[in-house]
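Residues per chain, in single letters:
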Amino acid sequence: MYKRRRFLTTALCSALLMAGLATNAQQAQDSVIINLDEAIQIALDESTTIKIADINITKAGYAKKGSYAALYPNVSASGSYQRTLKKQVMAMDFQGQSMEIAVGKWNNVNAGVSASLPLINAQLWESLKLSALNVELAVEQARSSKVSMVSQVKQSFYGVLIAQYIYEVYKQVYDNAATNYAQIEKKYNTGKVSEYEYLRAKVNVKNAEPNVYSALASIDLAIWQLKAVMGLDLNTKIGVSGDMDAFEQEMLTFNTNDTVNLENNSTLIQFRLQEKQIESTIRMTKRQYIPSLAASFSYSYMAMGDDFDMKWNPYSVVGVTLSIPIFDGLSKHYNIRQNQATRDVIRMNMEDTERQFRIAHKGYMNQIATYIENYYAAVSTLEMAQKSYDIAAKMYELGKATLTELNDAQLALVQSQLTMSQAVYNFKVAEAKLDELQGVY
């Protein structure tokens, strides 16, 4: 009775595991399969971060166009109506007699147009350059968001691939353990193997099951992470195509002696643009010392009367206005000094950041070199581990090796497989970070 209950329990666990694997396979069939390039394109199209960056570019463009409007004439129309409630009274002496006369009309109407145009305004011209730099900075910030987004998508995509590979390895371990258990169970029922070996085979199956479940959960979590980075609804069913083996040749041909190229590094480019902005602000402040000249024109009609049967009289003027700054309490001087201090801080931060990036580049290169060495070591170990496992499996089938020896050979094989795939995964993640550092995608 006890043996029968143990058999049913084992069969139930195996059935549950197979059902879980079948469900996962069905979900994979229902999913939309995408490759890395498609994942990147979806992220660039759907990511909220990228959409916000594009809106900021548009907003900066509008601000630039608005600043150019100051170069055009400023034309406005105006009109007014006044009703006199009590007329003003003027007192005067006329031929020795005092007289009081009410002046003005009950109705006063004024309508006209006016225009002004800057002729010489050095500060305004410099502000146009500053507006152009603002647009350029917004564009670079958007590019920075795309570079960072692509790096995140790559790393998440590689995370799904490595999770799938680990699942395949543990699934193979489980299949081997289940096959061995089925064979040993038959021998045990006929009395050809000991109960110890039977129990050991059963334990191997039990030990293999959690790894398979964990690997399946890791795949789901990695796909959720990828969907989050891409900006997709988390309920969207997707799968990825490809495997880590496709990147092996790329890793083996990677040149770890390449020098760092930070010309496209977005952070440094933004520092340089900010420095240009401060320089432009300093020049704009200095140009406030330069006199400005503006032209103006006004044309209007005025009418006055005690009733609305009034005569309209035109009135027009044209002129120029010259403004010469003389003294402002040293306000411009201190603004210039303040901006110069800000410029010096930006330069120091840029130099320090560049040093940190060069250190990071060196670190990535050293890591990649280590991953390549790990891969070579794992490849040589894998060949020996595979051969050792094949021999152990054959000897066990012939009864010349124990189950423990077979398990040890399989463990060495699994470790070699995981080490090799982990080296490729680590290389691709480091490469994605290296591309982000260099500002390419």
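Worth saying up front: this structure is predicted, and the values here are computed from it rather than measured.

J.: Honestly, the pattern of salt bridges in this entry has me stumped. Any pointers?
T.: Pairing between side chains becomes possible if they bear opposite charge and their charged atoms approach one another. The full count for this structure, using the stated rule, is 16 salt bridges. Taking the shortest distance from any N to any O, the salt bridge between R343 and E279 comes out at 3.3 Å. A residue pair is termed long-range when its members are at least 10 positions apart, and R343 in helix α8 (residues 331-397) and E279 in helix α7 (residues 266-286) qualify at 64 residues. For R343, a relative accessible area of 16% puts it in the buried group. The residue R355 makes a salt bridge to D352 at a minimum N-O spacing of 3.5 Å.

J.: Hey, could you run me through the packing of aromatic side chains in this one?
T.: Under the defined criterion, the tally for this structure stands at six aromatic pairs. Aromatic side chains Y181 and Y198 sit 5.7 Å apart centroid to centroid with 35° between the ring planes, which places their arrangement in the tilted category. Separated by 17 residues along the polypeptide, Y181 in helix α4 (residues 122-189) and Y198 in helix α5 (residues 195-230) bring together distant segments of the chain. Note on accessibility: Y181 and Y198 belong to one class, buried. With centroids separated by 5.6 Å and ring planes inclined at 75°, the aromatic side chains of Y299 and Y301 adopt a geometry described as edge-to-face. One aromatic cluster in this structure is built from Y181, Y188 and Y198.

J.: Help me understand helix α2 (residues 36-46), please; the structure alone is not making it clear to me.
T.: Turn by turn, an α-helix covers 3.6 residues, leaving residues three or four places apart pointing in a common direction. Regarding α2, the residues found buried are L36, A39, I40, A43 and L44. For α2, the angular spread of buried residues about the axis comes to 130°, placing them on one side. Those residues of α2 that are buried are in contact with β1 (32-34), α3 (48-68), α4 and α5. The opening residue of α2, the one whose side-chain oxygen lies 3.2 Å from the backbone nitrogen of D37, is N35.

J.: Honestly, the sheet that holds strand β5 (residues 107-120) in this entry has me stumped. Any pointers?
T.: Two pairing modes exist for strands in a sheet, parallel and antiparallel, and in both the strands are linked by backbone hydrogen bonds. In space, the four strands of this open sheet follow the order β2-β5-β7-β8, with antiparallel pairing throughout. Each edge of the open sheet carries a strand with a single partner, namely β2 (74-83) and β8 (313-323). The sheet shows a mean angle of 15° between the axes of neighbouring strands, taken without regard to direction. Examined bridge by bridge, β2 and β5 share 10 bridges and lie antiparallel to one another. Of the residues in β5, the one forming a bridge with S76 is S114.

J.: In this structure, what is going on with the layout of surface pockets? I would like to understand it.
T.: Unfilled space is identified by rolling a water-sized probe across the atoms. Empty space within the second largest pocket amounts to approximately 300 Å³. Lining of the second largest pocket is provided by 13 residues; of these, V173, N211, N407, Q410 and L411 occupy positions nearest its centre. Among the elements of the structure, α4, α5 and α9 (403-438) are those that each provide at least two residues to the lining of the second largest pocket. Considered class by class, the residues forming the lining of the second largest pocket number seven nonpolar, six polar and no charged.

Calculation criteria
- Residues numbered from 1 in each chain as written.
- Predicted model: local features only at pLDDT ≥ 70, side-chain atom pairs only at ≥ 80, totals over all residues.
- Heavy atoms only, no water.
- Salt bridge = Lys/Arg side-chain N within 4 Å of Asp/Glu carboxyl O.
- Helix = DSSP H or I, 4+ residues; strand = E, 2+ residues; numbered from the N terminus.
- Buried < 20%, exposed > 50% of the residue type's maximum accessible area, 1.4 Å probe, protein only.
- Phe/Tyr/Trp six-rings, centres within 6.5 Å; stacked < 30°, edge-to-face > 60°.
- Arc of directions from axis to C-beta.
- Contact = heavy atoms within 4.5 Å.
- Polar contact = N/O pair within 3.5 Å; in protein donor to acceptor, adjacent residues only side chain to side chain.
- Pairing = 2+ DSSP bridges.
- Axes fitted to C-alpha atoms, helices over the stretch in contact; angles between N-to-C directions.
- 1 Å grid on protein atoms, 1.4 Å probe; cavity = no way out; pocket = protein on both sides within 12 Å on 5 of 7 lines; lining within 4 Å.
- Points joined across faces, edges and corners; volume = space filled by probe spheres on them.
- Nonpolar A, V, L, I, M, F, W, Y, C, P; charged D, E, K, R; others polar.

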